[in-house]
Amino acid sequence: MGDTIFSIPLWADLLAVSVGSLQGAMFAAGFRDRRLDLLGVAIIGVATGLGGGFLRDIFLGVPLVAFSTNWYILTAVLAALVGMLLERLFRKLDIVITILDALTIGLFGAIGTTKALSLGLPEIPAIFVGMVSAVGGSVLRDILLNLPIALMHVGSLYAVAAGVGTTMLVVLHLVGLNITVAVVVCVIVTTVIRLGAVRYGWSLPEQRALSRPRLRRHPRPS
Amino acid sequence: MGDTIFSIPLWADLLAVSVGSLQGAMFAAGFRDRRLDLLGVAIIGVATGLGGGFLRDIFLGVPLVAFSTNWYILTAVLAALVGMLLERLFRKLDIVITILDALTIGLFGAIGTTKALSLGLPEIPAIFVGMVSAVGGSVLRDILLNLPIALMHVGSLYAVAAGVGTTMLVVLHLVGLNITVAVVVCVIVTTVIRLGAVRYGWSLPEQRALSRPRLRRHPRPS
Amino acid sequence: MGDTIFSIPLWADLLAVSVGSLQGAMFAAGFRDRRLDLLGVAIIGVATGLGGGFLRDIFLGVPLVAFSTNWYILTAVLAALVGMLLERLFRKLDIVITILDALTIGLFGAIGTTKALSLGLPEIPAIFVGMVSAVGGSVLRDILLNLPIALMHVGSLYAVAAGVGTTMLVVLHLVGLNITVAVVVCVIVTTVIRLGAVRYGWSLPEQRALSRPRLRRHPRPS
């Protein structure tokens, strides 16, 4: 299965980690009333930047890449502190961050899916692992901040972008395309969908049942 | 330890997954104000239907069964979407769903505990793994929905049913009973306790300290 | 790498687990309005006392130590129930519990970091694993109770103490000191910082940006 192995240079992986981590710290900075301390910011940075990769490797049962060198955790912590300190600057660079972040989820999704394929996983689990790699960090961030998970709610297409991108990757791989080409398509498709959602407000339909509108609200505990 | 290996046909496992997933989606459907989108419903379905098995296999350090074929994730996603779309129908089938769900936790508990025993784990960890298999999905569901974990609070006997069932299984196995018989007893005991809790309102005592009831917070004169 | 292997007697490890578990149950007992049942208390106990070790072993990809004998889970459950029943007594022993707990995080941090080093991890990941071992239980406790993660917010130095202690351990190990001495220093440093934070109110700076004070609150969803 050598043809499914796709590796990127360490600097590119670290750049993606730092974008995720910086995003996480800026997100957390919005919550002034929660009074995170510096360590809290660093934890959110590590969770957002590295969480997807942690979950990917734990799900795949392989050693954590983020533990293979000192650079991953160091990068995530530093990026989080920079994101906190220079928050005002980065808010002005909003569009740059959004584009880098869209590229990051595309890249994380592609790395996760190709890694899963190279370990022999079937197609749908490979797509699932790619999606977890892409969005797991933001899910962990929301759990640690005790917030509703943003990406499950109407309006982001964050995970959908990763899902469509990694599905394209798997399909192109199945029809025999070179893995590098498939990865590039995955990153482009993910980025375009994500940026389109931000720019044009694309979204998935809200949950609904096949029936007349129900106005009652009675969650059933189990 | 070949005598502790208990395997069920794929269709039965998938049926159990789909019951869990469908339950999760119906539960999430109760929260109209949270506005999950379709992907959010699918995520809750996967977490509820497959979460227990994910945790089981990660705790046991073995490859995730749910990644071994395309069917597990596909089944969980489809069951969640069906549960969302046909929510009104399934609400009317409430008793059927409750019975299937009680059977499901019994079955997941039995699979988890026998798998742990077959890997050589001692009795109490094996019971623990069975309980995590049975109720892990519902815990993950509540974490992702940012709710208090339902099963830790007074009134469900959800996890207790799984705990008593898997304990029975381990005891019967220790006294030398055939594993299939022990599994059947586990499933029956779990189902009966769970349905009894639903029907007759059985519950565990609330947490309390060994002392006179304290209604006040000021120190007692001594 | 034999020189990084540091093992403690089972009774010491179980004592540390029971301190964590007892602390977790007492913490949960503070929430009368949440109405945990007995099982909920046991779950919180297991999560707080064993959660750090679970995360450590999952991150390191090794079999869970807590599953190697019946004693770990049994100890955690019993300590949680004792903590619940004798809550009033233990509240009076507050200072004893606080000291035992500070020793416990020092010990868990040292065990985690030395285990990581003995598996060949680089320094920073080894420190990270030590910190997760020390504070992972309290993070899981807060997630299960649906609370903000206490240690990320201003005022505890809980994780900081573990971080400084394990960093000391790694530095002393790098300069060639005997591992047992390094462990003892780690436990002492961690304990002193933690107790100093409790006694003198030491804390880390709150998150802030390099700019004029901002009073707006606009969390950005991603």
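Under an unreviewed UniProt entry, the name given to chain A is Putative membrane protein YeiH, and the organism recorded is Compostimonas suwonensis. In its Sequence similarities (unreviewed entry) section, the UniProt record describing chain A reads: "Belongs to the UPF0126 family." Quoted verbatim from the Subcellular location (unreviewed entry) field of the UniProt record, the comment on chain A reads "Cell membrane".

**Q** So what exactly am I meant to see when it comes to the pattern of salt bridges here?
**A** Close approach of charged atoms allows side chains of opposite charge to pair. Per the counting criterion, the structure on display carries nine salt bridges over all chains. Between K115 of chain A and D57 of chain A there is a salt bridge, with the nearest N and O atoms lying 2.8 Å from each other. Here D57 of chain A lies in helix α2 (residues 38-60) and K115 of chain A lies in helix α5 (residues 94-118), a separation of 58 residues in the sequence. Here D57 of chain C makes a salt bridge to R56 of chain C, at a shortest N to O gap of 2.9 Å. In this structure, D57 of chain C and R56 of chain C share a single accessibility class: buried.

**Q** Please clarify how the relation of the copies chain A and chain B should be interpreted in this entry.
**A** Two copies of the chain are present, and they differ by a rotation about an axis and a shift along that axis. The operation relating chain A to chain B is a screw motion whose rotation component is 120°, with 0.0 Å of axial translation and a residual RMSD of 0.0 Å. Taken together, the turn and the small shift mark the pair as related by a three-fold rotation axis. Looking at chain A, a mere 8% of its interface residues are interface residues in chain B too, so the copies touch through different faces.

**Q** Just to check I follow, could you spell out the interface of chain A and chain B for this structure?
**A** Interface size is often expressed as the accessible area that is lost when the parts come together. At the interface, 38 residues of chain A touch 46 residues of chain B. Across the chain A to chain B interface the summed buried area is about 3,900 Å²; carbon plus sulfur atoms make up 60%. Linking chain A with chain B are zero salt bridges. One can count three residue pairs in polar contact (both at pLDDT 80 or more) joining chain A with chain B. Among the elements that take part in the side of chain A that touches chain B, helix α6 (residues 123-144) of chain A stands out by supplying eight residues, more than any other. The residue inventory of the side of chain A that touches chain B, partitioned by class, reads 25 nonpolar, six polar and seven charged.

**Q** Sorry, what's going on with the UniProt feature "transmembrane region" (unreviewed entry) in chain A here?
**A** In the UniProt entry, the feature "transmembrane region" (unreviewed entry) is given for residues 6-29, 36-55, 61-86, 93-112, 124-144 and 181-202 of chain A. When the span residues 181-202 of chain A is considered, its composition is 91% helix and 0% strand, and the gap between its end C-alpha atoms is 27 Å.

**Q** Got a minute to help me understand the environment of T48 of chain C in this structure?
**A** Residue and element names in this part refer to chain C. As for its placement among the helices and strands, T48 is situated in helix α2 (residues 38-60). Taking the relative accessible area as the measure of exposure, T48 reaches 10% and is therefore buried. Considering only alpha carbons, one finds T48 and A25, 23 residues apart in sequence, at a separation of 8.4 Å. With residues up to four places along the chain from it excluded, the contact list for T48 reads G20, G24, G137 and R141. From its side chain, T48 meets the backbone oxygen of I44 in a polar contact 2.7 Å long.

**Q** Just checking my understanding: could you explain the confidence of the model for chain A for this structure?
**A** The predicted coordinates ought not to be read in detail in places where the model reports low pLDDT. Across chain A, the average pLDDT comes to 86, with 89% of residues at 70 or higher. Counting interchain partners and residues more than four positions distant, the pLDDT-below-50 stretch residues 212-222 of chain A has 22 contacts.

**Q** Help me out: how do you make sense of the packing of aromatic side chains in this one?
**A** Remark: the centre distance and the inter-plane angle together describe each pair of aromatic rings, the angle taken between the planes. According to the stated counting rule, one finds 18 aromatic pairs over all chains in the structure shown. Between F59 of chain B and F67 of chain C, the ring centres sit 5.9 Å apart and the planes meet at 90°, which makes this aromatic pair edge-to-face. Of this pair, F59 of chain B sits in helix α2 (residues 38-60) while F67 of chain C sits in the loop between α2 and α3 (71-85), each in a different chain. No difference in accessibility class separates F59 of chain B from F67 of chain C, as the two residues are buried. Counting every residue linked through ring pairs, the aromatic cluster contains F54 and F67 of chain A together with F59 and F128 of chain C. The residue whose ring lies beneath R141 of chain B is F27 of chain B, and the NZ or CZ to ring-centre distance is 3.7 Å.

**Q** Help me understand the packing of helix α1 (residues 10-29) of chain A against α5 of chain A in this model?
**A** For any two helices packed against each other, one specifies the inter-axial angle together with the distance between the axes. All names here are of chain A. Interaxial distance between α1 and α5 falls to 9 Å at its minimum, and their mutual angle equals 125°. Between α1 and α5, the angle falls in the class oblique. As for how α1 packs across α5, the hand of that crossing is left-handed. In this structure, α1 contributes A12, D13, A16, V17, V19, L22 and Q23 to the contact, and α5 contributes I97, L100, D101, T104, L107, F108 and I111.

**Q** Hey, could you run me through α6 of chain A in this one?
**A** All names here are of chain A. Here α6 contains 22 residues, and its C-alpha end-to-end distance of 31 Å stays within 8% of the 32 Å for a straight helix at 1.5 Å per residue. A bend of about 55° at V135 is the largest found in α6. Of all 22 residues that make up α6, 18 are buried, and the element is covered over most of its length. Where α6 terminates, the next one or two residues include N146, which has phi positive at roughly 55°.

**Q** What am I meant to see in a nonpolar patch on the surface here?
**A** Residues and elements named next belong to chain A. A cluster of nonpolar side chains, contributed by V82, L85, L86, L89, L93, I95, V96, I99, L100 and L103, occupies part of the molecular surface with about 730 Å² of accessible area. When contributions to the nonpolar patch are tallied by element, the ones reaching two or more residues are α3 (71-85) and α5. The greatest single-element share of the nonpolar patch, amounting to five residues, is contributed by α5. Residue placement: L86 occurs in the loop between α3 and α4 (87-92). Note on L86: relative accessible area 31%, which makes it partly exposed.

**Q** Explain unusual backbone geometry to me, please; I cannot follow it from the model alone.
**A** In terms of backbone geometry, most residues other than glycine have negative phi values and most peptide bonds are trans. Residue and element names in this part refer to chain B. Backbone geometry at N146 places phi at a positive 60°, although glycine is not the residue there. Mapped onto the elements of the fold, N146 is located in the loop between α6 (123-144) and α7 (158-174). With a relative accessible area of 16%, N146 lands in the buried category.

**Q** Could you clarify how one ought to interpret the packing of α2 of chain B against α6 of chain B in this entry?
**A** Residues and elements named next belong to chain B. Following both chains from N to C, one finds α2 and α6 inclined at 140°, their axes separated by 7 Å at the closest point. Between α2 and α6, the interaxial angle falls into the category oblique. Both α2 and α6 take part in a crossing whose hand is right-handed. On α6, the residues touching I43, I44, A47, T48, G51, G52, L55, R56, F59 and L60 of α2 are F128, V129, V132, S133, G136, G137, L140, R141 and L144. For the contact of α2 with α6, a count of residues per class yields 11 nonpolar, six polar and two charged.

About the cut-offs
- Residues numbered from 1 in each chain as written.
- Chains lettered and ligands numbered in written order.
- Predicted model: local features only at pLDDT ≥ 70, side-chain atom pairs only at ≥ 80, totals over all residues.
- Heavy atoms only, no water.
- UniProt positions renumbered as here; feature names shortened; annotations may be inferred.
- Salt bridge = Lys/Arg side-chain N within 4 Å of Asp/Glu carboxyl O.
- Helix = DSSP H or I, 4+ residues; strand = E, 2+ residues; numbered from the N terminus.
- Buried < 20%, exposed > 50% of the residue type's maximum accessible area, 1.4 Å probe, protein only.
- Least-squares fit on C-alpha atoms with pLDDT ≥ 70 in both.
- Contact = heavy atoms within 4.5 Å.
- Buried area = accessible area lost by both parts, 1.4 Å probe.
- Polar contact = N/O pair within 3.5 Å; in protein donor to acceptor, adjacent residues only side chain to side chain.
- Nonpolar A, V, L, I, M, F, W, Y, C, P; charged D, E, K, R; others polar.
- pLDDT = per-residue confidence, 0-100.
- Phe/Tyr/Trp six-rings, centres within 6.5 Å; stacked < 30°, edge-to-face > 60°.
- Lys NZ or Arg CZ within 6 Å of the ring centre and 35° of its normal.
- Axes fitted to C-alpha atoms, helices over the stretch in contact; angles between N-to-C directions.
- Parallel < 35°, antiparallel > 145°, perpendicular 65-115°, else oblique.
- Left-handed = near helix turned anticlockwise from the far one by under 90°.
- Expected span 1.5 Å × (residues − 1).
- Bend = angle between axes of the 7 residues up to and from the residue.
- Patch = residues over 30% accessible without salt bridge, like charges linked within 9 Å, V, L, I, M, F, W, Y side chains within 5 Å.
- Areas by Shrake-Rupley, 256 points an atom, 1.4 Å probe, with all protein chains shown as cover.

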